[in-house]
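Structural description and commentary
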Amino acid sequence: MGHVSRRAFALATLSTLATAPGVAALPRAGRRGCRPRGSAEMRGVWLATVANRDWPSRPGLPAAEQRRELIAYLDRAARDRLNTVMFQVRPTADALWPSPYEPWSAYLTGTQGRDPGWDPLGTAVREAHARGLELHAWCNPYRIALDTDLDRLAPSHPARRHPDWVVAYGGKLYYNPGLPEVRAFVRRAMLDAVAKYPVDAVHFDDYFYPYPVPGQPFDDDAAFDRYGGAFGSRAEWRRDNINRLVRETAAGIRRLRPGTRFGISPFGVWRNASTDPRGSDTRAGTQTYDDLYADTRRWVREHWIDHVVPQIYWNIGFAAADYAKLVDWWASVAEGSGTRLYIGEALYKAGAAGQPAAWQDPAELSRHLTLAARHPQVRGHVFFAAEDMADDPIGAMARVVADHYGRSAKPPR
(Lines give C-alpha, C1' and ligand atoms only; values in the text may rest on other atoms or scores of the structure.)
Protein backbone atom coordinates (compact mmCIF):
# COMPACT_ATOMS: atom_id res chain seq x y z
CA MET A 1 0.00 0.00 0.00
CA GLY A 2 0.99 3.59 -0.43
CA HIS A 3 3.52 3.39 -3.25
CA VAL A 4 4.07 2.74 -6.92
CA SER A 5 3.65 -0.99 -6.43
CA ARG A 6 0.41 -0.48 -4.55
CA ARG A 7 -0.92 1.85 -7.24
CA ALA A 8 -0.04 -0.71 -9.92
CA PHE A 9 -1.62 -3.46 -7.87
CA ALA A 10 -4.79 -1.52 -7.27
CA LEU A 11 -5.18 -0.95 -10.99
CA ALA A 12 -4.37 -4.56 -11.77
CA THR A 13 -6.82 -5.79 -9.16
CA LEU A 14 -9.66 -4.24 -11.10
CA SER A 15 -8.97 -6.79 -13.81
CA THR A 16 -9.35 -9.60 -11.29
CA LEU A 17 -12.75 -8.33 -10.24
CA ALA A 18 -15.90 -8.52 -12.29
CA THR A 19 -16.09 -5.20 -14.11
CA ALA A 20 -19.65 -3.98 -13.96
CA PRO A 21 -19.35 -0.61 -12.29
CA GLY A 22 -22.36 1.41 -11.38
CA VAL A 23 -22.96 4.41 -9.19
CA ALA A 24 -25.59 4.17 -6.49
CA ALA A 25 -27.73 7.25 -6.01
CA LEU A 26 -26.71 9.30 -3.00
CA PRO A 27 -27.64 12.81 -1.95
CA ARG A 28 -25.13 15.52 -2.75
CA ALA A 29 -22.52 15.52 -0.01
CA GLY A 30 -22.54 18.49 2.31
CA ARG A 31 -22.17 19.42 5.91
CA ARG A 32 -25.88 19.15 6.56
CA GLY A 33 -25.90 15.70 4.92
CA CYS A 34 -23.39 14.25 7.36
CA ARG A 35 -24.19 12.87 10.76
CA PRO A 36 -22.81 15.01 13.58
CA ARG A 37 -19.33 14.03 14.68
CA GLY A 38 -17.55 14.55 17.93
CA SER A 39 -14.38 16.55 18.21
CA ALA A 40 -12.20 13.52 17.33
CA GLU A 41 -11.97 12.13 13.80
CA MET A 42 -9.17 10.55 11.80
CA ARG A 43 -8.22 12.70 8.81
CA GLY A 44 -5.08 11.12 7.45
CA VAL A 45 -2.91 10.97 4.37
CA TRP A 46 -0.28 8.44 3.31
CA LEU A 47 3.12 9.90 2.40
CA ALA A 48 4.87 7.20 0.36
CA THR A 49 8.61 7.03 -0.22
CA VAL A 50 9.07 3.71 -2.02
CA ALA A 51 10.34 4.35 -5.56
CA ASN A 52 10.00 8.07 -4.72
CA ARG A 53 6.26 7.75 -5.19
CA ASP A 54 5.44 10.93 -3.23
CA TRP A 55 8.67 12.01 -1.55
CA PRO A 56 11.39 12.95 -2.16
CA SER A 57 10.55 13.89 -5.73
CA ARG A 58 13.74 12.18 -6.87
CA PRO A 59 16.73 10.59 -5.15
CA GLY A 60 19.86 12.63 -4.67
CA LEU A 61 18.31 16.00 -3.94
CA PRO A 62 20.26 18.16 -1.49
CA ALA A 63 19.17 17.71 2.11
CA ALA A 64 17.71 21.22 2.25
CA GLU A 65 15.53 20.54 -0.79
CA GLN A 66 14.35 17.20 0.58
CA ARG A 67 13.42 18.92 3.81
CA ARG A 68 11.60 21.70 1.95
CA GLU A 69 9.52 19.17 0.01
CA LEU A 70 8.68 17.25 3.18
CA ILE A 71 7.61 20.41 5.01
CA ALA A 72 5.42 21.39 2.05
CA TYR A 73 3.47 18.12 2.38
CA LEU A 74 3.02 18.66 6.11
CA ASP A 75 1.89 22.24 5.49
CA ARG A 76 -0.62 21.04 2.91
CA ALA A 77 -2.03 18.44 5.30
CA ALA A 78 -2.46 21.08 8.01
CA ARG A 79 -3.99 23.55 5.54
CA ASP A 80 -6.60 20.97 4.49
CA ARG A 81 -7.42 20.46 8.17
CA LEU A 82 -6.08 16.91 8.21
CA ASN A 83 -4.58 15.70 11.46
CA THR A 84 -2.42 12.65 10.68
CA VAL A 85 0.37 11.73 8.27
CA MET A 86 1.36 8.09 7.67
CA PHE A 87 5.03 8.55 6.71
CA GLN A 88 6.68 5.57 5.02
CA VAL A 89 9.95 5.19 6.91
CA ARG A 90 10.87 1.58 6.08
CA PRO A 91 9.83 1.02 2.46
CA THR A 92 12.21 -1.79 1.39
CA ALA A 93 14.06 -3.24 4.39
CA ASP A 94 15.88 0.07 4.72
CA ALA A 95 15.47 3.16 6.88
CA LEU A 96 14.70 6.86 6.78
CA TRP A 97 16.46 7.34 10.13
CA PRO A 98 19.92 6.33 11.37
CA SER A 99 19.21 2.68 12.12
CA PRO A 100 21.72 0.22 13.58
CA TYR A 101 19.85 -2.60 11.83
CA GLU A 102 19.32 -1.52 8.23
CA PRO A 103 20.93 0.80 5.68
CA TRP A 104 19.80 4.29 4.75
CA SER A 105 17.20 4.14 1.98
CA ALA A 106 18.37 4.58 -1.59
CA TYR A 107 15.30 6.73 -2.21
CA LEU A 108 17.07 9.54 -0.36
CA THR A 109 20.49 9.68 -2.00
CA GLY A 110 20.28 7.24 -4.90
CA THR A 111 22.69 4.88 -3.14
CA GLN A 112 21.50 2.51 -0.43
CA GLY A 113 23.49 2.99 2.77
CA ARG A 114 24.67 6.52 1.99
CA ASP A 115 24.02 8.99 4.81
CA PRO A 116 21.73 11.76 3.51
CA GLY A 117 23.15 14.26 5.97
CA TRP A 118 19.96 14.73 7.96
CA ASP A 119 17.30 12.70 9.81
CA PRO A 120 14.02 12.58 7.84
CA LEU A 121 12.01 10.69 10.47
CA GLY A 122 13.21 12.86 13.32
CA THR A 123 12.43 15.98 11.30
CA ALA A 124 9.02 14.67 10.25
CA VAL A 125 8.00 13.90 13.84
CA ARG A 126 9.13 17.28 15.10
CA GLU A 127 7.61 19.31 12.26
CA ALA A 128 4.35 17.34 12.20
CA HIS A 129 3.85 17.87 15.91
CA ALA A 130 4.62 21.57 15.52
CA ARG A 131 1.69 21.76 13.10
CA GLY A 132 -0.71 19.82 15.28
CA LEU A 133 -0.37 16.68 13.15
CA GLU A 134 0.18 13.13 14.35
CA LEU A 135 3.03 11.23 12.70
CA HIS A 136 2.60 7.50 12.17
CA ALA A 137 5.73 5.53 11.25
CA TRP A 138 4.70 3.43 8.27
CA CYS A 139 6.69 0.21 7.77
CA ASN A 140 6.57 -2.61 5.26
CA PRO A 141 7.63 -5.71 7.23
CA TYR A 142 8.97 -8.13 4.63
CA ARG A 143 9.74 -6.47 1.28
CA ILE A 144 13.47 -6.21 0.57
CA ALA A 145 13.77 -4.97 -3.02
CA LEU A 146 11.75 -4.25 -6.14
CA ASP A 147 14.09 -6.48 -8.17
CA THR A 148 15.75 -9.84 -7.53
CA ASP A 149 19.45 -8.89 -7.55
CA LEU A 150 20.90 -9.31 -4.06
CA ASP A 151 24.16 -7.75 -5.25
CA ARG A 152 22.41 -4.41 -5.76
CA LEU A 153 21.80 -4.13 -2.03
CA ALA A 154 24.27 -2.31 0.19
CA PRO A 155 27.15 -4.59 1.21
CA SER A 156 26.07 -4.28 4.85
CA HIS A 157 22.45 -5.18 4.12
CA PRO A 158 21.17 -7.99 6.38
CA ALA A 159 19.73 -9.79 3.34
CA ARG A 160 23.23 -10.11 1.90
CA ARG A 161 24.58 -11.41 5.20
CA HIS A 162 21.66 -13.86 5.48
CA PRO A 163 20.68 -14.95 1.95
CA ASP A 164 18.91 -17.92 3.52
CA TRP A 165 16.33 -15.44 4.85
CA VAL A 166 15.41 -14.31 1.34
CA VAL A 167 12.80 -15.51 -1.16
CA ALA A 168 12.68 -14.19 -4.73
CA TYR A 169 9.10 -13.95 -5.91
CA GLY A 170 7.28 -12.10 -8.67
CA GLY A 171 10.36 -10.12 -9.65
CA LYS A 172 11.03 -8.89 -6.10
CA LEU A 173 12.88 -10.00 -2.98
CA TYR A 174 11.16 -10.72 0.34
CA TYR A 175 12.18 -11.86 3.77
CA ASN A 176 10.67 -15.28 4.49
CA PRO A 177 7.90 -14.81 7.10
CA GLY A 178 8.18 -18.47 8.06
CA LEU A 179 11.56 -18.08 9.74
CA PRO A 180 11.45 -17.11 13.44
CA GLU A 181 14.79 -15.33 13.12
CA VAL A 182 13.36 -13.16 10.33
CA ARG A 183 10.34 -12.26 12.42
CA ALA A 184 12.56 -11.32 15.35
CA PHE A 185 14.83 -9.24 13.14
CA VAL A 186 12.17 -7.23 11.32
CA ARG A 187 10.44 -6.57 14.62
CA ARG A 188 13.66 -5.19 16.14
CA ALA A 189 14.35 -3.10 13.06
CA MET A 190 10.91 -1.50 13.09
CA LEU A 191 10.76 -0.99 16.85
CA ASP A 192 14.03 0.92 16.74
CA ALA A 193 12.00 3.85 15.38
CA VAL A 194 9.61 3.60 18.34
CA ALA A 195 12.49 3.55 20.81
CA LYS A 196 14.14 6.63 19.31
CA TYR A 197 11.23 8.90 18.34
CA PRO A 198 7.90 9.95 19.89
CA VAL A 199 5.88 8.59 16.94
CA ASP A 200 2.15 8.52 17.57
CA ALA A 201 1.68 5.11 15.98
CA VAL A 202 3.33 2.34 14.00
CA HIS A 203 1.57 1.56 10.75
CA PHE A 204 1.74 -1.54 8.52
CA ASP A 205 0.45 -1.54 4.97
CA ASP A 206 -1.18 -4.45 3.14
CA TYR A 207 1.86 -6.55 2.26
CA PHE A 208 2.38 -9.66 4.37
CA TYR A 209 2.96 -12.71 2.22
CA PRO A 210 3.20 -11.17 -1.24
CA TYR A 211 0.22 -10.81 -3.52
CA PRO A 212 0.02 -14.04 -5.53
CA VAL A 213 1.47 -14.22 -9.02
CA PRO A 214 -0.33 -16.88 -11.12
CA GLY A 215 1.79 -19.96 -11.63
CA GLN A 216 4.54 -18.88 -9.21
CA PRO A 217 4.73 -20.65 -5.83
CA PHE A 218 6.32 -18.83 -2.92
CA ASP A 219 9.29 -21.04 -2.07
CA ASP A 220 9.11 -21.63 1.67
CA ASP A 221 9.31 -25.43 1.50
CA ALA A 222 12.34 -25.73 3.80
CA ALA A 223 10.85 -23.42 6.42
CA PHE A 224 7.54 -25.26 6.33
CA ASP A 225 9.28 -28.63 6.68
CA ARG A 226 11.17 -27.32 9.70
CA TYR A 227 8.48 -25.30 11.49
CA GLY A 228 5.10 -26.28 10.09
CA GLY A 229 4.61 -29.74 11.55
CA ALA A 230 2.01 -28.69 14.12
CA PHE A 231 -0.34 -27.25 11.49
CA GLY A 232 -2.95 -28.91 9.35
CA SER A 233 -1.91 -27.05 6.22
CA ARG A 234 0.69 -24.68 4.90
CA ALA A 235 -1.96 -21.95 4.79
CA GLU A 236 -2.64 -22.32 8.53
CA TRP A 237 1.08 -22.15 9.26
CA ARG A 238 1.53 -19.05 7.11
CA ARG A 239 -1.36 -17.29 8.85
CA ASP A 240 0.16 -18.17 12.22
CA ASN A 241 3.47 -16.63 11.13
CA ILE A 242 1.74 -13.34 10.34
CA ASN A 243 -0.39 -13.49 13.49
CA ARG A 244 2.76 -13.86 15.56
CA LEU A 245 4.35 -10.82 13.93
CA VAL A 246 1.25 -8.74 14.64
CA ARG A 247 0.95 -9.79 18.28
CA GLU A 248 4.67 -9.48 19.00
CA THR A 249 4.91 -6.06 17.33
CA ALA A 250 1.96 -4.81 19.36
CA ALA A 251 3.55 -6.06 22.57
CA GLY A 252 6.88 -4.46 21.67
CA ILE A 253 5.27 -1.08 21.02
CA ARG A 254 3.45 -1.19 24.37
CA ARG A 255 6.67 -2.08 26.15
CA LEU A 256 8.84 0.60 24.52
CA ARG A 257 6.45 3.54 24.37
CA PRO A 258 3.12 3.09 26.16
CA GLY A 259 0.42 5.13 24.48
CA THR A 260 1.88 4.71 20.99
CA ARG A 261 -0.70 2.92 18.87
CA PHE A 262 -0.47 0.17 16.25
CA GLY A 263 -2.54 0.16 13.09
CA ILE A 264 -2.73 -1.89 9.90
CA SER A 265 -4.14 -1.01 6.48
CA PRO A 266 -5.18 -4.25 4.77
CA PHE A 267 -6.56 -4.84 1.31
CA GLY A 268 -10.28 -4.15 1.57
CA VAL A 269 -11.62 -7.72 1.24
CA TRP A 270 -10.99 -10.25 4.02
CA ARG A 271 -12.99 -13.02 2.32
CA ASN A 272 -15.89 -13.10 -0.10
CA ALA A 273 -19.17 -14.39 1.30
CA SER A 274 -19.09 -17.13 -1.35
CA THR A 275 -15.91 -18.40 0.32
CA ASP A 276 -16.97 -17.81 3.92
CA PRO A 277 -20.45 -16.79 5.15
CA ARG A 278 -18.76 -14.34 7.52
CA GLY A 279 -17.22 -12.54 4.54
CA SER A 280 -18.36 -9.53 2.56
CA ASP A 281 -20.84 -9.41 -0.31
CA THR A 282 -18.04 -9.09 -2.85
CA ARG A 283 -16.49 -10.99 -5.72
CA ALA A 284 -12.88 -9.94 -5.27
CA GLY A 285 -10.12 -11.85 -7.01
CA THR A 286 -7.88 -11.41 -3.96
CA GLN A 287 -8.83 -12.30 -0.37
CA THR A 288 -6.41 -11.38 2.38
CA TYR A 289 -7.13 -14.46 4.49
CA ASP A 290 -6.47 -16.89 1.64
CA ASP A 291 -3.93 -15.09 -0.53
CA LEU A 292 -1.85 -12.89 1.81
CA TYR A 293 -2.38 -15.15 4.87
CA ALA A 294 -3.49 -12.12 6.85
CA ASP A 295 -6.47 -12.83 9.11
CA THR A 296 -7.46 -9.19 9.29
CA ARG A 297 -10.93 -9.88 10.67
CA ARG A 298 -9.46 -11.71 13.66
CA TRP A 299 -7.01 -8.89 14.38
CA VAL A 300 -9.94 -6.50 14.64
CA ARG A 301 -12.39 -8.75 16.49
CA GLU A 302 -9.79 -9.79 19.08
CA HIS A 303 -8.39 -6.25 19.36
CA TRP A 304 -4.80 -7.18 18.56
CA ILE A 305 -4.40 -3.78 16.91
CA ASP A 306 -5.56 -0.32 17.94
CA HIS A 307 -7.02 0.63 14.59
CA VAL A 308 -7.62 -0.78 11.15
CA VAL A 309 -7.65 1.16 7.87
CA PRO A 310 -9.08 -1.15 5.17
CA GLN A 311 -8.26 -0.01 1.67
CA ILE A 312 -11.75 0.29 0.20
CA TYR A 313 -10.46 1.52 -3.12
CA TRP A 314 -13.61 1.10 -5.21
CA ASN A 315 -16.43 3.44 -6.06
CA ILE A 316 -19.95 3.32 -4.70
CA GLY A 317 -21.88 0.78 -6.74
CA PHE A 318 -18.88 -1.07 -8.19
CA ALA A 319 -20.42 -4.47 -8.77
CA ALA A 320 -17.61 -6.75 -7.62
CA ALA A 321 -16.55 -4.71 -4.58
CA ASP A 322 -19.05 -1.99 -3.73
CA TYR A 323 -17.68 0.71 -1.44
CA ALA A 324 -21.03 0.91 0.37
CA LYS A 325 -21.20 -2.82 1.05
CA LEU A 326 -17.61 -2.98 2.27
CA VAL A 327 -18.01 -0.05 4.64
CA ASP A 328 -21.07 -1.78 6.06
CA TRP A 329 -19.15 -5.05 6.45
CA TRP A 330 -16.15 -3.48 8.15
CA ALA A 331 -18.41 -1.48 10.46
CA SER A 332 -20.07 -4.70 11.58
CA VAL A 333 -16.67 -6.34 12.16
CA ALA A 334 -15.37 -3.40 14.20
CA GLU A 335 -18.53 -2.99 16.27
CA GLY A 336 -17.86 -3.83 19.92
CA SER A 337 -14.26 -4.89 19.23
CA GLY A 338 -12.42 -1.95 20.75
CA THR A 339 -10.52 -1.59 17.46
CA ARG A 340 -11.10 1.77 15.80
CA LEU A 341 -12.16 1.75 12.16
CA TYR A 342 -10.89 4.29 9.63
CA ILE A 343 -11.50 3.91 5.90
CA GLY A 344 -8.68 4.01 3.34
CA GLU A 345 -9.71 6.16 0.37
CA ALA A 346 -8.39 5.97 -3.21
CA LEU A 347 -7.76 9.65 -3.82
CA TYR A 348 -5.25 8.63 -6.51
CA LYS A 349 -8.11 7.35 -8.69
CA ALA A 350 -9.94 10.67 -8.81
CA GLY A 351 -9.63 11.94 -12.37
CA ALA A 352 -7.12 9.24 -13.34
CA ALA A 353 -7.19 7.97 -16.91
CA GLY A 354 -8.70 4.53 -17.30
CA GLN A 355 -10.80 4.71 -14.15
CA PRO A 356 -14.59 4.23 -14.29
CA ALA A 357 -16.89 7.19 -14.78
CA ALA A 358 -17.54 7.46 -11.04
CA TRP A 359 -13.90 8.43 -10.49
CA GLN A 360 -14.15 11.24 -13.02
CA ASP A 361 -16.73 12.93 -10.78
CA PRO A 362 -15.11 15.31 -8.26
CA ALA A 363 -17.88 14.49 -5.78
CA GLU A 364 -17.28 10.71 -5.60
CA LEU A 365 -14.93 10.86 -2.61
CA SER A 366 -17.14 13.34 -0.81
CA ARG A 367 -20.04 10.92 -1.25
CA HIS A 368 -17.87 8.25 0.38
CA LEU A 369 -17.56 10.33 3.53
CA THR A 370 -21.28 11.09 3.53
CA LEU A 371 -22.10 7.39 3.26
CA ALA A 372 -19.55 6.32 5.88
CA ALA A 373 -20.91 8.89 8.34
CA ARG A 374 -24.05 6.76 8.60
CA HIS A 375 -21.96 4.20 10.49
CA PRO A 376 -20.93 5.29 13.99
CA GLN A 377 -18.14 2.70 13.93
CA VAL A 378 -16.33 4.67 11.19
CA ARG A 379 -14.14 7.19 12.97
CA GLY A 380 -12.47 8.78 9.97
CA HIS A 381 -10.63 8.36 6.69
CA VAL A 382 -7.10 8.18 5.29
CA PHE A 383 -6.32 9.29 1.72
CA PHE A 384 -3.86 7.74 -0.69
CA ALA A 385 -1.71 9.64 -1.25
CA ALA A 386 0.17 12.87 -0.56
CA GLU A 387 1.17 13.70 -4.14
CA ASP A 388 -2.44 13.26 -5.26
CA MET A 389 -3.59 15.48 -2.40
CA ALA A 390 -1.18 18.17 -3.57
CA ASP A 391 -2.04 17.85 -7.28
CA ASP A 392 -5.79 17.25 -6.86
CA PRO A 393 -6.37 17.25 -10.64
CA ILE A 394 -10.19 17.41 -10.59
CA GLY A 395 -10.65 19.00 -7.18
CA ALA A 396 -11.83 15.84 -5.42
CA MET A 397 -9.83 16.56 -2.26
CA ALA A 398 -10.89 20.20 -2.29
CA ARG A 399 -14.49 18.97 -2.42
CA VAL A 400 -13.91 16.70 0.59
CA VAL A 401 -12.42 19.57 2.55
CA ALA A 402 -15.25 21.95 1.61
CA ASP A 403 -18.01 19.43 2.35
CA HIS A 404 -16.64 17.70 5.44
CA TYR A 405 -13.60 19.41 6.94
CA GLY A 406 -14.92 22.87 7.66
CA ARG A 407 -13.46 22.76 11.14
CA SER A 408 -10.34 21.23 12.59
CA ALA A 409 -10.61 17.89 14.40
CA LYS A 410 -8.35 16.03 16.76
CA PRO A 411 -7.43 12.45 15.82
CA PRO A 412 -9.14 9.75 17.91
CA ARG A 413 -7.06 8.46 20.82
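Scroll up to find the structure this text is about.
Values in this document were obtained by computation on a predicted structure and should not be read as measured data. (Residues numbered from 1 in each chain as written. Predicted model: local features only at pLDDT ≥ 70, side-chain atom pairs only at ≥ 80, totals over all residues. Heavy atoms only, no water.)

Pairs of packed helices are described in terms of their axes, by the angle between the two and the distance that separates them. Running from N to C, helix α12 (residues 364-372) and helix α14 (residues 396-404) point in directions that differ by 35 degrees, and their axes come no closer than 7 Å. Every residue of α14 that contacts α12 at L365, S366, L369 and T370 is listed here: A396, R399, V400, D403 and H404. Looking at side-chain class alone, the contact of α12 with α14 contains four nonpolar, three polar and two charged residues. (Axes fitted to C-alpha atoms, helices over the stretch in contact; angles between N-to-C directions. Helix = DSSP H or I, 4+ residues; strand = E, 2+ residues; numbered from the N terminus. Contact = heavy atoms within 4.5 Å. Nonpolar A, V, L, I, M, F, W, Y, C, P; charged D, E, K, R; others polar.)

On to the environment of G380. Within the fold, G380 resides in strand β11 (residues 378-384). For G380, a relative accessible area of 0% translates into the label buried. Through-space distance from the C-alpha of G380 to that of V309 is 9.3 Å; in sequence the pair is 71 residues apart. (Buried < 20%, exposed > 50% of the residue type's maximum accessible area, 1.4 Å probe, protein only.)

Here the focus is the side chain of T109. In this structure, T109 sits in helix α3 (residues 106-109). In terms of polar contacts, T109 uses its side chain to reach the backbone carbonyl oxygen of T111, at 2.9 Å. Beyond its immediate chain neighbours, meaning those up to four positions away, T109 contacts P59, G60, R114, D115 and P116. (Polar contact = N/O pair within 3.5 Å; in protein donor to acceptor, adjacent residues only side chain to side chain.)

Backbone hydrogen bonds hold the strands of a sheet together, and the pairing may be parallel or antiparallel. One closed barrel holds the eight strands; their spatial order is β1-β2-β3-β7-β8-β9-β10-β11, and the pairing between them is parallel. As judged from the four bridges shared by strand β1 (residues 42-47) and strand β2 (residues 84-90), these two strands associate in the parallel manner. Residue pairing across strands places V45 opposite V85, the latter belonging to β2. (Pairing = 2+ DSSP bridges.)

As a further point, take the packing of helix α6 (residues 180-196) against helix α8 (residues 234-256). In the contact formed by α6 and α8, the axes pass within 10 Å of each other and the chain directions differ by 30 degrees. Considering their axes alone, α6 and α8 lie roughly parallel with respect to each other. Where α6 crosses over α8, the handedness of that crossing is right-handed. Contact with α6, carried on its side by R183, V186, R187, M190, L191, V194 and A195, involves N241, R244, L245, E248, T249, G252, I253 and L256 of α8 and no other residues of that element. Of the residues contributing to the contact of α6 with α8, the split by class is eight nonpolar, three polar and four charged. (Parallel < 35°, antiparallel > 145°, perpendicular 65-115°, else oblique. Left-handed = near helix turned anticlockwise from the far one by under 90°.)

Now for the pattern of salt bridges. Summed over the entire model, instances satisfying the criterion amount to 28 salt bridges. For R43, the salt bridge is made with E41, and the minimal N-O distance between the two is 3.3 Å. On the basis of relative accessibility, which here comes to 4%, the residue R43 falls in the buried class. Note that R367 is salt-bridged to E364, the shortest N-O span being 3.3 Å. Placement of both R367 and E364 in helix α12 is noted, with a separation of three residues, approximately one turn of the helix. The residues R367 and E364 share a single accessibility class, namely buried. (Salt bridge = Lys/Arg side-chain N within 4 Å of Asp/Glu carboxyl O.)

Counted according to the given criterion, the structure contains 24 aromatic pairs. Taking 5.3 Å as the distance between ring centres and 85 degrees as the angle between the ring planes, the aromatic pair formed by Y207 and Y211 counts as edge-to-face. Neither Y207 nor Y211 differs from the other in exposure class; each is buried. Members of the aromatic cluster, joined through ring pairs, are W46, Y313, Y348 and F384. Over the ring of Y289 we find R239; its NZ or CZ atom is 3.8 Å from the centre of that ring. (Phe/Tyr/Trp six-rings, centres within 6.5 Å; stacked < 30°, edge-to-face > 60°. Lys NZ or Arg CZ within 6 Å of the ring centre and 35° of its normal.)

Taken together, the buried positions of α14 are occupied by A396, M397, V400, V401, D403 and H404. Its buried side turned inward, α14 meets β1, α12, β11 and α13 (386-391).

Moving on: helix α11 (residues 323-334). Between its terminal C-alpha atoms α11 stretches 16 Å, which fits the 16 Å expected from twelve residues at 1.5 Å a residue. Among all positions in α11, only Y323, L326, V327, W329, W330, A331, V333 and A334 are buried. Where α11 is buried, its residues meet α10 (296-301), β9 (307-308), β10 (340-345), α12 and β11. Where α11 ends, the next residue or the one after it, G336, has phi of about 75 degrees, a positive value. (Expected span 1.5 Å × (residues − 1).)

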